[in-house]
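Results of the structural survey
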Amino acid sequence: MKIQLNGASHDTEHPDLAALVAAQGHEGGEVATAIDGLFVPRQNRSQSPLNEGCAVEIVAPMEGG
Amino acid sequence: MDSIKGPSSKKLSLYGSEFESRFLIGSAQHPSPAILLDAIVASRAGIVTVSLRREAGKNSGKDGAGQQFWSLIQQSGARLLPNTAGCKTVKEAVNTAHMARELFDTPWIKLEVIGEDDTLQPDVFGLVEAARILCAEGFQVFPYTTDDLVVADKLLAAGCEVLMPWGSPIGSGRGLNNPFALRALRAHFPDTTLVVDAGIGLPSQAAQAMELGYDAILLNTAVAKAGDPVAMARAFAQAIEAGRLAFQAGAIEARDMAAPSTPVLGSPFWHGEHEQ
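Residues numbered from 1 in each chain as written. Chains lettered and ligands numbered in written order. Predicted model: local features only at pLDDT ≥ 70, side-chain atom pairs only at ≥ 80, totals over all residues. Heavy atoms only, no water.

**Here's the deal with the overall build of chain B**
Scanning chain B from terminus to terminus reveals 9 helices and 12 strands. Seen through its C-alpha atoms, chain B measures out along the principal axes to roughly 100 × 40 × 40 Å. Each of the 276 residues in chain B was classed as buried or not, and the buried ones make up 51%. Considering only intrachain contacts with a sequence separation of at least 6, the fraction spanning at least 24 residues in chain B is 65%. When the accessible surface of chain B is split by element, carbon and sulfur atoms take 54% of a total near 13,400 Å². (Helix = DSSP H or I, 4+ residues; strand = E, 2+ residues; numbered from the N terminus. Buried < 20%, exposed > 50% of the residue type's maximum accessible area, 1.4 Å probe, protein only. Contact = heavy atoms within 4.5 Å. Areas by Shrake-Rupley, 256 points an atom, 1.4 Å probe, with all protein chains shown as cover.)

**Thoughts on the packing of aromatic side chains**
Residues and elements named next belong to chain B. Under the definition given, this model contains 5 aromatic pairs over all chains. For the pair Tyr15 and Phe142, a centre-to-centre distance of 5.4 Å together with 55 degrees between the ring planes defines the contact as tilted. Of this pair, Tyr15 sits in the loop between β1 (12-14) and β2 (17-19) while Phe142 sits in strand β9 (residues 140-145), and the two are 127 residues apart along the sequence. Judged on exposure class, the residue Tyr15 and its partner Phe142 are both buried. (Phe/Tyr/Trp six-rings, centres within 6.5 Å; stacked < 30°, edge-to-face > 60°.)

**A few points about the nonpolar core**
Residues Phe23, Ile73, Leu111, Val141 and Ile217 of chain B are the most contacted members of the largest nonpolar core, which totals 83 residues. Here the element with the most residues in this core is helix α3 (residues 90-104) of chain B; it accounts for 8 residues. Not counting residues within four places of it along the chain, the set of residues in contact with Phe23 of chain B comprises Ser43, Ala45, Gly46, Ile47, Ile217, Leu219, Val223, Ala233, Phe236, Ala237 and Ile240 of chain B. Membership of the second largest hydrophobic core comes to 13 residues, among which are Leu5, Ile35, Val40 and Cys54 of chain A. (Core = buried A, V, L, I, M, F, W, Y, C linked by side-chain atoms within 4.5 Å.)

**Observations regarding helix α9 (residues 229-249) of chain B**
All names here are of chain B. An ideal rise of 1.5 Å per residue puts 30 Å on 21 residues; α9 measures up with 30 Å between its terminal C-alpha atoms. Every buried residue belonging to α9 is among Pro229, Val230, Ala233, Phe236, Ala237, Ala239, Ile240, Gly243 and Arg244, and all of these are buried. Turning to α9, the residues buried within the fold contact β3 (23-26), α1 (33-43), α7 (203-211), β12 (216-219) and α8 (221-224). Of the residues trailing α9, Gly250 is marked for its positive phi of about 90 degrees. (Expected span 1.5 Å × (residues − 1).)

**Concerning the interface of chain B and chain A**
Listed per partner, the contact involves 30 residues of chain B and 29 residues of chain A. Interface of chain B and chain A: buried area, both sides summed, is about 2,500 Å²; carbon and sulfur atoms make up 55% of it. Inspection of the chain B/chain A interface yields 2 salt bridges. A salt bridge links Arg54 of chain B to Glu57 of chain A; its shortest N-O distance comes to 2.7 Å. (Buried area = accessible area lost by both parts, 1.4 Å probe. Salt bridge = Lys/Arg side-chain N within 4 Å of Asp/Glu carboxyl O.)

**Some points on the pairing of strand β4 (residues 47-54) of chain B**
Burial analysis of β4 of chain B places 6 of its 8 residues in the buried class, the great majority of the element. Alignment of strand β5 (residues 55-63) of chain A against β4 of chain B, held across 5 bridges, turns out to be antiparallel. Each residue of the ladder has a partner; that of Glu63 of chain A, found in β4 of chain B, is Val50 of chain B. Bridge count for β3 of chain B against β4 of chain B is 3 bridges, and the pairing is parallel. For Gly26 of chain B, the partnering residue across the bridge sits in β4 of chain B and is Thr49 of chain B. Handedness of the β3 of chain B-α1 of chain B-β4 of chain B crossover: right-handed. Inspection of the sheet shows β4 of chain B paired to strand β5 (residues 79-82) of chain B by 4 bridges, in the parallel sense. (Pairing = 2+ DSSP bridges. Right-handed = clockwise from strand over helix to strand, strands pointing away.)

**Brief notes about the packing of α3 of chain B against helix α4 (residues 124-136) of chain B**
Residue and element names in this part refer to chain B. Taken N-terminus to C-terminus, the directions of α3 and α4 make an angle of 35 degrees; their axes are 9 Å apart at the nearest point. In the crossing of α3 with α4, the sense of the turn from one axis to the other is right-handed. Mapping the contact onto sequence places Val90, Val94 and Ala97 in α3 and Gly126, Glu129, Ala130, Ile133 and Leu134 in α4. Among the residues forming the contact of α3 with α4, the class breakdown is 6 nonpolar, 1 polar and 1 charged. (Axes fitted to C-alpha atoms, helices over the stretch in contact; angles between N-to-C directions. Left-handed = near helix turned anticlockwise from the far one by under 90°. Nonpolar A, V, L, I, M, F, W, Y, C, P; charged D, E, K, R; others polar.)

**Some remarks on the pattern of salt bridges**
Under the criterion given, the structure shown has 9 salt bridges over all chains. A salt bridge links Arg45 of chain A to Glu102 of chain B, with the nearest nitrogen and oxygen atoms 3.4 Å apart. Separated into two different chains, Arg45 of chain A in the loop between β4 (38-40) and β5 and Glu102 of chain B in helix α3 make up a pair that spans both. Each of the two residues, Arg45 of chain A as well as Glu102 of chain B, counts as buried. Between Glu20 of chain B and Lys11 of chain B there is a salt bridge, with the nearest N and O atoms lying 3.4 Å from each other.

What follows is the structure, encoded as structure tokens:
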């Protein structure tokens with residue numbers, strides 16, 4: 001299915017957010033996540049299915065003012 | 001006797017945590033990671049602001065920027081204050097705050113809800129609503145706001161214990177655009193911790209805010225974009241300390257006419273009336 005991953009079109013067959021995060025090579029605690037603009041806590045990722053066209057955000061620490 | 005909170009405190013108090021330094025420094029825009037770390041050390045700041053960004057997958061060949069920064073910033077030993085920079089709606093800000101809380105493992109959030117792109121002026125209506133939601137969810141909110149008294153009152157009613165009014169637009173270096181309003185805010189909320197956030201370009205401007213009785217200064221660009229960021233961080237540290245000391249010392253009132261500082265009675269060639 002096609003989803004939006006960090007603002008770009010992305011093909012994935014992973015059924016849930018935890019699988020997608022792992023497939024991207026991230027350790028679970030290194031990133032924070034959201035689907036369709038709503039925060040998904042780390043412990044809920046495996047119960048959060050990915051649906052056609054959904055918008056996934058995977059974010060990490062960065063510099064800020 | 002000094003209270004723990006508020007402008008007469010010896011230490012900066014933020015949601016129950018105390019800090020020797022009254023300087024909060026931003027971590028963005030520095031020329032290199034090494035200079036960022038050196039600038040933090042030179043600033044003596046106990047608090048560093050951080051943010052979130054989209055992280056490329058590790059299989060993409062562009063991975064690891066987030067973890068590299070995370071490792072670096074932990075070396076500073078500073079307390080981290082994540083922000084919601086770039087958020088323009090309540091929903092974005094609230095969800096970004098949740099992601100920051102999980103990632104940085106802190107209830108602290110510098111809440112930004114931007115309402116206008118040219119000035120990066122806060123959307124104060126969205127700010128108050130987001131603050132109310134986040135305070136109810138256990139966050140300790142540091143709202144980036146204007147110098148508006150009524151908005152400040154509503155942010156306090158929402159549960160904020162710290163207010164961070166702008167001096168002038170973010171990154172502008174214009175200093176305190178409206179010292180009158182900042183003075184009024186200080187006078188109106190004598191027991192609230194007030195931090196001037198944004199717009200400070202020079203150490204003298206930081207000192208001016210501290211002389212007004214502000215509790216701390218948050219700045220980023222003025223250090224990061226200076227010719228020598230480490231030296232500028234040190235200069236700001238000294239100015240903030242000097243401004244605080246001046247506030248505590250009690251300044252004289254300005255006056256229109258001269259008032260001689262040297263006693264004139266009996267001085268040579270005195271032009272006053274002669275003693276009989």
